[in-house]
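Read off the chains here:
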Amino acid sequence: MKNTMTGSQALIESLLHEGVDTIFGYPGGQAIPIYDSLYDYKDRLNHILVRHEQGATHAAQGYARVSGKVGVTVVTSGPGVANTITGIADAMMDSTPIVVIAGQVPASLLGTDAFQEIDVIGVTQPISKWAYQVRDAEEIAWAVARAFYIASTGRPGPVVLDITKNAQTAIIDYQPHIVNHIRSYIPVPEMEPEMVAEAALLINEAKKPLALVGQGVILGNAEKELLDFLRKADIPAASTILGLSALPSDEPLNVGLLGMHGNVAPNLKTNECDVLIAIGMRFDDRVTGDLNKYAKQAKIIHLDVDPSEINKNVRVDVPVLGDAKATLAEISKLLKDNQHTEWRETFKSSCEKEIQAVINQEIHPENGPLKMGEVVHKVSEATGNKAVLVTDVGQNQMMGVRYFKFRQTRSVVTSGGLGTMGFGLPAAIGAKFGAPDRTVCLFVGDGGLQMTIQEFGTIMQSNIDIKIILLNNDFLGMVRQWKELFWQERYSETVMKNPDFIKIAAAYNIPGRSVETREALNEAIREMLETKGPYLLEAKVIRKGMVYPMVPAGAGITDILLGNE
């Protein structure tokens, strides 16, 4: 029996076949057939109407990051799909699996500069894993299956499907398609036993090993294998921002955050260890600082699923290609039960120095204005350290990842590689749909919030239960910090004249409260967490607060500022 339907219906059926339950989108002229078909699937697909297409992509990212599934965005042609470019680039940088589906003008009009036509493939190909234009409805099931396979396998990333209007409206006989192999596409390279053996030998002989944990551990669902590996060989481990929740914050082997605003001990010990084991991370410049001064004394082992990352930034001694879940397990089989007590003890003095010089002043201030770190710390504690942390970009981001704590994986949603202001609010919306049973806490600055503040409308329409903590200092805080430290305090265009955010939220039926004193903070946090549905807590924090420690751009990873030195 034939299953006859339109191309747009075949698209919806193909999405359901891939297990899609939620779509973030915005309709428009060249996507009307898709949205007309969606009308008949309301009981099977949850469509979230965003207020801007950029918000749709960031929401899909948030959904993907906490759920482990592929996030889906549907938009129209021209300006609709052009507005997704930032989100696609962000997903590519942070290895986030999303599929962006765009309507396109009819195939007969392609190349004529038709109304709302742009070259979607030409624009998105450099910032996606795969971009494909569907001109024939018969290709839709195949293209969707291929898109989800590419987006979700190996090193995940964004895929773009550009579907012409004639393909959406044509009548076809639909059959679901399955793709589990693509010629010349090797998502997971074959593991080399000799490299595994070399890595294990180096680790067994190491006196001062240090592991660097990246998001690849989380993407590969290798959290258990990581912990088994670390505990067997007694290896201290530090994390990149995106790798943070791969280990519980209170795990004794977890020595903190790497990079520009990371913890002092792991940054210093990177240049003291004898074996450095990088797991699912890409040696980003914010982690390494000046490469000429980075870990020159160490033998370096790099575990990664993406061959292009090997020797891209840092020359390594032993590359171990493959999925982290498999490579960690194989290396662990060859490891000795070891103890590195003396080496791990050396981290404590640097840790204590940071606590005294920075952390206590930030999270336990005795007087003066509210500080960002204390707000983050108190919210984390109030959630039992069980919430999903979502951040925007800037000082709020650095304070969020420094002072929020984690008990389970997939608990950090932030824009890492691209550093996209405006990411936070829509990403938090997506995160809530990806993890509906978890508390989602967004930390955002006054600058970033106003880049996507229209998504308050999405929250109102879908009654999305996210807790928004606005760290308001009336500045573009991170730019201001750099200008203060390195540009003679020439605060060019960094002061923000802000509206009454609580009134704006109220107009969208989002309750909220503004606090300026720590005496009021605890009660406000309690009220926020006890409120069913969305809530905006505005904390008016110190205007010229600083994020320390800090490794200045271009400096070596051990050239750490602990204050105004």
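As the structure is a computational prediction, the values presented were derived from the model and not from experiment.

The alternating pattern of strand S2 (residues 22-25) places Thr 22 and Phe 24 on one face and Ile 23 and Gly 25 on the opposite face, and all of these are buried. Of the strand pairs in this sheet, S2 and strand S3 (residues 46-49) are connected by four bridges, and their pairing is parallel. Residue pairing in the sheet places Ile 23 in a bridge with His 47 of S3. Handedness of the crossover joining S2 and S3 through helix H2 (residues 32-38): right-handed. As paired strands, S2 and strand S4 (residues 71-75) are joined by two bridges and run parallel to one another. Bridge pairing in S4 links Phe 24 to Thr 73.

With that out of the way, let us pick up the sheet that holds strand S18 (residues 467-472). Pairing in this open sheet of six strands is parallel, and the strands run S16-S15-S17-S18-S20-S19 from one edge to the other. Looking at the sheet topology across the chains shown, the edges are occupied by strand S16 (412-413) and strand S19 (512-515). Bridge count for S19 against strand S20 (residues 535-540) is four bridges, and the pairing is parallel. Within S20, the position partnered with Val 515 by the bridge is Ala 539. In the packing of helix H19 (residues 424-434) onto the sheet, contacts are made with strand S15 (388-391), S16, strand S17 (440-445) and S18, and the angle to S17 comes to roughly 175 degrees.

What follows covers the packing of helix H17 (residues 372-382) against helix H18 (residues 395-403). For the pair H17 and H18, the least separation of the axes is 9 Å and the interaxial angle reads 45 degrees. When the interaxial angle is binned, H17 and H18 end up oblique. Like other packed secondary-structure pairs, H17 and H18 cross with a definite hand, here right-handed. Where H17 approaches H18, its residues Met 372, Gly 373, Val 376, His 377 and Ser 380 are matched on the opposing element by Gln 395, Asn 396, Met 399, Gly 400 and Tyr 403. Classifying every residue of the contact of H17 with H18 gives four nonpolar, six polar and no charged.

On to the sheet that holds strand S12 (residues 275-279), then. An order of S11-S10-S9-S12-S13-S14 is seen for the six strands of this open sheet, with the pairing classed as parallel. Of all strands in the sheet, those with a lone pairing partner are strand S11 (254-257) and strand S14 (318-321), marking the two edges. Taking the axes of each pair of neighbouring strands and ignoring which way they run, one obtains an average angle of 20 degrees across the sheet. Pairing between strand S9 (residues 209-213) and strand S10 (residues 237-239): three bridges, direction parallel. What sits directly across from Ala 211, in S10, is Ala 237. The strands touched by helix H9 (residues 193-205) are S12, strand S13 (299-304) and S14; relative to S14, the strand with the most contacts, the crossing angle is about 130 degrees.

Here the focus is the packing of aromatic side chains. Inspection of every chain in the model, using the stated rule, returns 13 aromatic pairs. Seen in terms of ring centroids, Trp 130 and Trp 142 are 6.0 Å apart; in terms of plane orientation they differ by 90 degrees. Their pairing is edge-to-face. Pair noted here: Trp 130 is in strand S6 (residues 130-134) and Trp 142 is in helix H7 (residues 140-152), with a separation of 12 residues, a long-range link. The exposure class assigned to Trp 130 is buried, which follows from its relative accessible area of 14%. Residue classification places Trp 142 among the partly exposed residues on the basis of a relative accessible area of 27%. With a centroid separation of 5.3 Å and 75 degrees between ring planes, the pair formed by Tyr 132 and Trp 142 is classed as edge-to-face. Remark: Trp 142 occurs in helix H7 and Tyr 132 occurs in strand S6; sequence separation between them is 10 residues. The exposure class assigned to Tyr 132 is partly exposed, which follows from its relative accessible area of 21%. The rings of Phe 24, Tyr 63 and Phe 433 are connected pair by pair, giving a single aromatic cluster. Here the basic side chain of Lys 269 rests over the ring of Phe 347, its NZ or CZ set 5.8 Å away from the ring centre.

Our focus in this paragraph is the environment of Thr 531. Relative to the assigned elements, Thr 531 resides in the loop between helix H24 (518-530) and S20. Along the chain, Thr 531 and Gly 512 lie 19 residues apart, while their C-alpha atoms are 9.8 Å from each other. Contacts of Thr 531, omitting those with residues within four sequence positions, involve Asp 465, Lys 467 and Pro 511. Here Glu 527 takes part through its backbone oxygen, which lies 2.6 Å from a polar atom of the side chain of Thr 531.

Turning to the environment of Pro 307, a few remarks are in order. Within the element layout of this structure, Pro 307 appears in the loop between S13 and S14. Measuring from C-alpha to C-alpha, the distance between Pro 307 and Asn 221 comes to 19 Å, with 86 residues separating the pair along the chain. With residues near it in sequence (within four places) discarded, Pro 307 still touches Pro 189 and Leu 321.

Let us now look at the pattern of salt bridges. All chains considered together, the criterion is met by 21 salt bridges. For Arg 231, the salt bridge goes to Glu 251, with nearest N and O atoms at 2.6 Å. In this pair, Arg 231 sits in helix H11 (residues 223-233) while Glu 251 sits in the loop between S10 and S11, placing the two residues 20 residues apart along the sequence. For Glu 251, a relative accessible area of 7% gives the class buried. Residues Asp 465 and Lys 467 are paired through a salt bridge, measuring 2.9 Å at the closest nitrogen-oxygen approach. Exposure remark for Asp 465: the relative accessible area of 28% places this residue in the partly exposed category.

Right, let's talk about the side chain of Thr 153 for a bit. Its location among the elements puts Thr 153 in the loop between H7 and strand S7 (158-164). Within the structure, the side chain of Thr 153 is placed 2.8 Å from the side chain of Tyr 185, a separation counted as a polar contact. With residues near it in sequence (within four places) discarded, Thr 153 still touches Lys 129, Tyr 185 and Pro 187.

Analysis parameters
Residues numbered from 1 in each chain as written. Predicted model: local features only at pLDDT ≥ 70, side-chain atom pairs only at ≥ 80, totals over all residues. Heavy atoms only, no water. Buried < 20%, exposed > 50% of the residue type's maximum accessible area, 1.4 Å probe, protein only. Helix = DSSP H or I, 4+ residues; strand = E, 2+ residues; numbered from the N terminus. Pairing = 2+ DSSP bridges. Right-handed = clockwise from strand over helix to strand, strands pointing away. Contact = heavy atoms within 4.5 Å. Axes fitted to C-alpha atoms, helices over the stretch in contact; angles between N-to-C directions. Parallel < 35°, antiparallel > 145°, perpendicular 65-115°, else oblique. Left-handed = near helix turned anticlockwise from the far one by under 90°. Nonpolar A, V, L, I, M, F, W, Y, C, P; charged D, E, K, R; others polar. Phe/Tyr/Trp six-rings, centres within 6.5 Å; stacked < 30°, edge-to-face > 60°. Lys NZ or Arg CZ within 6 Å of the ring centre and 35° of its normal. Polar contact = N/O pair within 3.5 Å; in protein donor to acceptor, adjacent residues only side chain to side chain. Salt bridge = Lys/Arg side-chain N within 4 Å of Asp/Glu carboxyl O.

Limitation: the analysis is restricted to geometry and does not speak to function.
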